[in-house]
Structures are given as C-alpha cells and as structure tokens.
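# Commentary on secondary and tertiary structure
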Amino acid sequence: IIDVSQITPMAVMQAVELSRTPVVASHVGVRAIVDNPRNLTDEQMQAIAARGGVVCIVAFNAYLRAPPAEQMADLAAIEQRFGLETFTEARRKLNGEQLAEFGQAIAAWRARWPGATVADLVDSIDYAVEIVGIDHVGVSTDMEHNGGVVGYKTAAEAGALTEELLRRGYTEADIGKIWSGNFFRVWREVESAAER
C-alpha cells in the first residue's frame, strides 16, 4: 500500500497519479482546519478519493487544533529555560537529572494546555467526509508519540470516538467504514493487484 502521509504536496499528487492501486494517507489532518504542512488540502483529499483511496484522520493534537499563541509562548519559555531551540532536542542535549526536570516541566505544560479533544477529532472526520465521502475516510492514532487526544489517549478509550460519531448521526455501517472497513477495502485491492 502506498502511503502518502508526510510527503510534499507535489509528491502526494504524483503518487496518486502514478499508482496502479488506491493510495492511503495513513495519519494526517485537514489543512482547512489546521494549517500544518503535514495536513492535506481539500484538493489532495479529493485526488486520493477519486482513485479509490482513503484519508485516515489521526488522533494527534497538533493536526486537529491550532495551538493559541499563549500556549506556544509557554512552551518557548520552557525550552529557553533548558537552553533548547525546540523540545525535541531534549534527549540529545540534557543529562539524566536535567531531562527528568524537563519532563516534569513538559508534563505540567500539557496539564495547563490539554489540547484537542475527541470532538475536535470528529470535527476533522466530519470535514473529510463532507469533502470526499464516507467511503474514503478512516481514523488512525499516533499514541506512541504522545499523540492521543483528550478522551482518547489510549486504545482503552476508543469507545469515546465511537460514541461521538454516534452522537453526530453516523450509522453503524459508517462507523465500521471509518474504523477499518475503508482501509481494508484498499488493502484487498492492493493485494489483488499484487497477485496479477
């Protein structure tokens, strides 16, 4: 399966055009909601869907809700306090004691700024469904990178997503497509093409 997540816009469109089978975007957000370079534009999502592919909206805070300026200023102050240009440098630049202190500061920051919620995740799903249709939208997680959202930080909380989808009027069949059906349809098409 060709995955077009986290590549340039031009590469997304070229992959869609050149692939013999539908492609997936396994973990992305919606650019119209959050202007993040890893999120897809309406045009990119429509191109993927037009060829039978699937756009999987990821439960990742930064892709679902743009942080307010105050949140980023708070993070910048923590980074500055530890002599970091970005928090991702912490593991390389800080020793054990400093790293533990930095971890506590980041945990406190996350508590102050809880981030995106399950409702935000479903807002992005709703948008994608509106743009490309229920047969071309899925959901994914990025929890190993602390990517879960409030109410869905672990697999144990997955029911919260289903509940929000039901609350918004999605049918059982729709939810089955979002959770796995659409992705498995593409998987089967790719397997079938590989056997020819």
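The structure reproduced in this document is the subject of the present report. These numbers come from a predicted model, not from an experiment.

Rules and cut-offs
Along each chain, the written sequence defines residue order, and numbers are assigned to residues from 1. Local features in this predicted model are restricted to residues of pLDDT 70 or higher, and side-chain atom pairs are both shown and tallied only at a pLDDT of 80 or more, whereas totals for entire chains, interfaces and linings draw on every residue. The side-chain numbers reported here are obtained from all heavy atoms of the structure, hydrogens and water having been left aside. By definition, any uninterrupted DSSP run of H or I lasting at least four residues is a helix, any uninterrupted run of E lasting at least two residues is a strand, and each is numbered from the N terminus. A 1.4 Å probe rolled over the protein chains alone gives each residue an accessible area, and that area as a share of the maximum for its type sets the label: buried under 20%, exposed over 50%, partly exposed in between. In this analysis, two residues are considered to be in contact whenever any of their non-hydrogen atoms come within 4.5 Å of each other. Residue exposure ignores everything except the shown protein chains as possible cover, and the areas themselves are Shrake-Rupley values with a 1.4 Å probe. We treat Lys and Arg as the positive residues and Asp and Glu as the negative residues; His and chain ends play no part in the count. Every charge is mapped onto a representative atom, which is NZ of Lys, CZ of Arg, CG of Asp or CD of Glu. Note on aromatic pairs: the rings of Phe, Tyr and Trp (six-membered ring only in Trp) are paired at centre separations within 6.5 Å, and the planes decide the class, stacked below 30 degrees, edge-to-face beyond 60, tilted for the rest. Angles run from 0 to 180 degrees between N-to-C directions of axes, and those axes are lines fitted to C-alpha atoms, restricted for helices to the stretch in contact. These descriptions rest on fixed angle ranges, namely under 35 degrees for roughly parallel, over 145 for roughly antiparallel, 65 to 115 for roughly perpendicular, and the rest for oblique. Gly is put with the polar residues, along with every residue not named as nonpolar or charged; the nonpolar set is Ala, Val, Leu, Ile, Met, Phe, Trp, Tyr, Cys and Pro, and the charged set is Asp, Glu, Lys and Arg. We treat two strands as partners when DSSP finds at least two bridges between them. Each crossing is labelled by how the near helix is turned from the far one, with a counterclockwise turn of less than a right angle marking it left-handed and a clockwise turn marking it right-handed.

### Notes on the overall build of the protein chain
Of the regular secondary structure elements, the protein chain holds nine helices and three strands. Secondary structure elements of the protein chain occur, N-terminal to C-terminal, as α-β-α-β-α-α-α-α-α-β-α-α. Its C-alpha atoms put the protein chain at 55 × 35 × 30 Å along the principal axes. Relative to its 196 residues, the protein chain shows a buried fraction of 42%. The contacts of the protein chain with a sequence gap of at least 6 include a subset with a gap of at least 24, amounting to 70%. Only carbon and sulfur atoms are counted for the fraction: they give 54% of the accessible area of the protein chain, which is about 10,500 Å². The averaged location of the 27 negative side-chain charges in the protein chain is 3 Å from the averaged location of its 18 positive side-chain charges.

### Things to note about the packing of aromatic side chains
This model, assessed by the stated rule, comprises six aromatic pairs. Between Phe60 and Tyr63, the ring centres sit 4.9 Å apart and the planes meet at 70°, which makes this aromatic pair edge-to-face. Centre to centre, the rings of Phe183 and Trp187 are 5.9 Å apart; their planes meet at 70°, and the pair counts as edge-to-face. Taken together, the positions of Phe183 and Trp187, both in helix H9 (residues 172-195) and four residues apart, correspond to about one turn of that helix.

### Points about helix H2 (residues 42-50)
Restricting attention to buried positions, one finds in H2 the residues Gln44, Met45, Ala47, Ile48 and Ala49. Buried-residue contacts for H2 involve helix H1 (9-18), strand E1 (24-28), strand E2 (54-59) and helix H7 (118-132). Positioned one or two residues after H2, Gly52 has a phi angle of 90°, which is positive.

### Looking at unusual backbone geometry
Located in the positive-phi region is Gln6, a residue other than glycine, with phi close to 60°. Counting through the fold element by element, Gln6 comes out in the segment before H1. A relative accessible area of 36% means that Gln6 is categorised as partly exposed.

### Describing the environment of Glu89
With respect to the helices, strands and loops of the structure, Glu89 is situated in the loop between helix H4 (69-81) and helix H5 (90-93). Note: C-alpha distance between Glu89 and Asn182 (93 residues apart in sequence) is 37 Å.

### Re the packing of H4 against helix H6 (residues 96-112)
At a minimum axis separation of 11 Å, H4 and H6 run at an interaxial angle of 170°. In terms of axis orientation, H4 runs roughly antiparallel to H6. Along its contact with H4, which presents Gln71, Asp74, Leu75, Ile78 and Arg81, the element H6 presents Glu101, Phe102, Ala105, Ile106, Trp109 and Arg112. Classifying every residue of the contact of H4 with H6 gives six nonpolar, one polar and four charged.

### Side note on the side chain of Gln71
Inspection of the secondary structure assignment puts Gln71 in helix H4. Setting aside residues no more than four positions away along its own chain, Gln71 makes contact with Trp109 and Trp113.

### Quick look at the pairing of strand E3 (residues 137-141)
With four of five residues buried, E3 lies mostly within the body of the structure. Sheet topology note: the E2/E3 ladder contains five bridges and is parallel. Bridge pairing in E3 links Val58 to Ser140.

### Some remarks on the packing of helix H8 (residues 158-167) against H9
At a closest axis distance of 10 Å, the pairing of H8 and H9 adopts a crossing angle of 140°. Comparing the axis directions of H8 and H9 gives the class oblique. You can see that H8 and H9 cross each other, and the crossing is right-handed. Residues Ala158, Leu161, Thr162, Leu165 and Leu166 of H8 form the contact with H9, whose own contacting residues are Ile175, Ile178 and Trp179. When grouped by side-chain class, the residues that make up the contact of H8 with H9 number seven nonpolar, one polar and no charged.

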